[in-house]
Amino acid sequence: MKEILYVQAGPLANFIGTHFWNTQESYFTYGEDEDPVVFHDRSFREGITTKGEPTFCPRLLAFDRKSQFGALSDELYGDGGASDVTQWEGGVLEYRQDPVPKSDYQTLLDQGESDEQAGPAEAKAADASSIRFWSDYSRVYYHPRTAQKLPDLAEWEQSEGEWNASKEAFQKHEHDHEIMDDEVRLFVEECDAIQGIQLVNDCTTFGGFTDAFITAFRDEYPKLPSLAFPLLSDASNTPVSADEERNVMKAINDALCLRNLEALSTINVPVQFPSTWRRGEWLDGLNVDLTSPYHVSAILATHIETATLPLRLKNSQYDIAALSSMFNASGTLRISHLSGAYPVPGPVVWSPETEKRIYDLSAKSETNVKGGKSSSITEYARLNVSRGLAHSEYEKYYEHFSQKTPPPFSIHAPPYPTPSSFPHFYASPSDAANRHRTLSSLSTSSATAPLFAAHATLVQTCVDRRADVVGRMGLEFDELRELKDELWALCDRYAGPDEEWKGEEDVLSEDEE
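Residues numbered from 1 in each chain as written. Predicted model: local features only at pLDDT ≥ 70, side-chain atom pairs only at ≥ 80, totals over all residues. Heavy atoms only, no water.

It is worth spelling out empty space enclosed by the protein at this point. Taken as a whole and judged by the stated rule, the model has four cavities of 30 Å³ or more. Space inside the largest cavity adds up to approximately 90 Å³. Around the largest cavity, the lining residues are Y6, V7, Q8, A13, I16, G17, F20, W21, Q198, V200 and I304. Of all the secondary-structure elements, those providing two or more residues to the lining of the largest cavity are β1 (4–9), α1 (11–26) and β6 (196–202). Looking at which element gives the most residues to the lining of the largest cavity, the answer is α1, with five residues. In terms of residue class, the lining of the largest cavity is made up of eight nonpolar, three polar and no charged. Here the second largest cavity is characterised by a volume of approximately 40 Å³. Along its surface, the second largest cavity is lined by W163, T210, D211, I214, C257, N260, L261 and L264. (1 Å grid on protein atoms, 1.4 Å probe; cavity = no way out; pocket = protein on both sides within 12 Å on 5 of 7 lines; lining within 4 Å. Points joined across faces, edges and corners; volume = space filled by probe spheres on them. Helix = DSSP H or I, 4+ residues; strand = E, 2+ residues; numbered from the N terminus. Nonpolar A, V, L, I, M, F, W, Y, C, P; charged D, E, K, R; others polar.)

It is worth spelling out the layout of surface pockets at this point. Its boundaries defined by the atoms lining it, the second largest pocket holds a volume of some 880 Å³. In terms of lining, the second largest pocket is formed by 28 residues, of which the most central are S339, I358, D360, I377 and R382. Elements with a minimum of two residues in the lining of the second largest pocket: β10 (359–360), β12 (379–387), α10 (391–401) and β14 (438–445). Residues that form the lining of the second largest pocket fall into these classes: nine nonpolar, eight polar and 11 charged.

Under the definition given, this model contains 28 aromatic pairs. Ring centres 5.5 Å apart and planes at 85° place the aromatic pair W21 and F44 in the edge-to-face group. Separated by 23 residues along the polypeptide, W21 in helix α1 and F44 in strand β2 (residues 44–48) bring together distant segments of the chain. With relative accessibility at 0%, the residue W21 sits in the buried group. The buried category is assigned to F44, whose relative accessible area is 4%. Sitting over the ring of F69, K149 keeps its end group 5.4 Å from the ring centre. Across from the ring centre of F477, 4.2 Å away, lies the NZ or CZ of R466, which sits over that ring. (Phe/Tyr/Trp six-rings, centres within 6.5 Å; stacked < 30°, edge-to-face > 60°. Buried < 20%, exposed > 50% of the residue type's maximum accessible area, 1.4 Å probe, protein only. Lys NZ or Arg CZ within 6 Å of the ring centre and 35° of its normal.)

In this section: the packing of helix α4 (residues 163–177) against helix α6 (residues 203–220). The contact between α4 and α6 brings their axes to 7 Å, and the two run at 50°. The angle between α4 and α6 places the two elements in the oblique class. Seen along the crossing, α4 lies across α6 with a hand that is right-handed. Note on element contacts: α6 touches α4 through T205, F206, G207, G208, F209, D211, A212, F213 and A216, opposite W163, S166, K167, A169 and F170. Taken together, the residues of the contact of α4 with α6 break down into eight nonpolar, four polar and two charged. (Axes fitted to C-alpha atoms, helices over the stretch in contact; angles between N-to-C directions. Parallel < 35°, antiparallel > 145°, perpendicular 65-115°, else oblique. Left-handed = near helix turned anticlockwise from the far one by under 90°. Contact = heavy atoms within 4.5 Å.)

Following Y342, the chain continues into P343 via a peptide bond in cis, with omega recorded as -10°. Looking at the element boundaries, P343 is found in the loop between β9 (337–341) and β10. With an omega of -10°, the peptide bond running from G346 to P347 counts as cis. Its place among the elements puts P347 in the loop between β9 and β10. Of note in the backbone geometry, E178 takes a positive phi value of approximately 50° without being a glycine.

Pairing is mixed in the open sheet, where five strands are placed in the order β10-β9-β14-β12-β13. Strands at the two margins of the open sheet, each flanked by one partner only, are β10 and β13 (409–413). One ladder, built from eight bridges, connects β12 with β14; its direction is antiparallel. Bridged to R382 within β14 is S443. Where α10 meets the sheet, it contacts β12, β13 and β14, and its direction lies at approximately 165° from that of β13. (Pairing = 2+ DSSP bridges.)

What follows is about the pattern of salt bridges. Within the structure shown, the criterion is met by 28 salt bridges. For D478, the salt bridge goes to R481, with nearest N and O atoms at 2.8 Å. Of this pair, D478 and R481 both sit in helix α14 (residues 477–494), three residues apart, which is roughly one turn of that helix. With a relative accessible area of 57%, D478 lands in the exposed category. Through salt bridges with shared partners, a single network forms among D181, R185, E189 and E220. (Salt bridge = Lys/Arg side-chain N within 4 Å of Asp/Glu carboxyl O.)

Counted at 1.5 Å a residue, the expected span for α1 with its 16 residues is 22 Å, and the 23 Å between its end C-alpha atoms agrees. Taking burial as the measure, the 16 residues of α1 include 14 buried ones, the bulk of the element. (Expected span 1.5 Å × (residues − 1).)

What the six strands build is an open sheet, ordered β5-β4-β1-β6-β7-β8; its pairing is parallel. Single-partner strands in this sheet number two, and they are β5 (147–150) and β8 (267–268). Judged from the six bridges that link them, β6 and strand β7 (residues 226–231) form a sheet pairing that is parallel. Bridged to Q198 within β7 is L227. Packing against the sheet, helix α7 (residues 245–264) makes contact with β6, β7 and β8, and its axis sits at approximately 175° to β7.

Within the secondary structure, S103 is located in the loop between β4 (60–65) and α2 (104–110). Given a relative accessible area of 6%, S103 falls into the buried group. For S103, the contacting residues outside a window of four places in its chain are R132 and D136.

Here we take up α14. The end-to-end C-alpha distance of α14, which contains 18 residues, comes to 26 Å, matching closely the 26 Å that a straight helix rising 1.5 Å per residue would cover. Looking at α14, one finds that the buried residues are F477, L480, R481, L483, K484, L487, W488, L490, C491 and Y494.

Let us look at the environment of F273. Structurally, F273 can be placed in the loop between β8 and α8 (293–307). For F273, a relative accessible area of 29% gives the class partly exposed. For the pair F273 and T291, spaced 18 residues apart in the sequence, the C-alpha separation amounts to 9.8 Å. Each residue touching F273, except ones within four places of it in the same chain, is listed here: L232, S233 and D234.

This is how it looks when you write it as structure tokens:
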């Protein structure tokens, strides 16, 4: 059946995942004559509740701090919060924390609000200020194995950029709960023919955690393909001085995450931090708050869901291994980019002008890169997935994109099933009418080189200056020298034929002589 095991780690990853799963729920059909466009079994697992009722839940592991789960419902399998104190015959003084109240949107869903009656529900969901947790707008029920709650940090504890502490958090969670032998193994073994895992993670707070998880996963399943979407920190797409300790920590953390994923995961699609996105024509028609996790996760979920749709689409032969062969024919290019346009105005005539609406969510701005000169981007492979385009628009689409070198692989799919939980951030009614139209892409190109070059340059500077932040992170300078060399090697691997990259220093520092 080519099932997929999904993994989400971190707050933003779970915000994205909630939109993703709400969309998957929208694909369900209930009429006898309705044929679903996707294989539901690839993402959902069928089970039986404690009441003996059949249920369909995401095949998902969601990692986050306990307080981030909010009012997540466990109604299908839960016991309603029954206490164990009755097992003790002695005196008991019991203290209970007040439960997190449900969001307005969840309350409307409980009252039977449907997408056909989406007016009030949509209005409630569209108010970003009312969204506290990613569970506030969730439309699906989860299996008890899904919620992997990590202890909350103390007020004085830092989590951003703490690579070693993040790795230790996974090791402790694994020691306490043995998820590799229990949750992971059970999810995998109930599959007929699993195609791989799809992973979304926050690098800032869950970078080391994810690295430790996928390392353990590789020990158990060395040949199973994986598709990872690491969400980089804000330090990855802004100029960072070696004197800015907190930003340097986050940037080095990103670099370690990218380097290790490149070695461990089959396909890796880094995503730049939303607040660093450049506003432009690609956001025309949307009133997006780039600091709102609810808003930006909706855009990212739309493009991740659309770009990976071929893995679930009924009339598609693609799986994760096939995508890897498409993007990484040489066997050396494991980093891809996520791009997209949403919403696509209709009808659209594709041209260099309209193509400006396609924004690369993975690329780093050249103005923030030192150490190299970049010519035009050299593209190695691309897959375009369109949603909701009319057949009359296909001719101009192929006329435009067939001129690319190489021309992209293209899949045209039914409209994007925007659920009522989606933010209503459209600038006008006409823009809202296009909410089911999108174009999303995965590609490999030389645009990856500046990303590695920027991180390599910063790491090189930290080594040359023997920056205190290295010890603060619990790292050794020899580790950073090795990281720097590998980042420059990756930069050269992705660079185009006319590009030449080099570090800021052409000579060895005293420590390297």
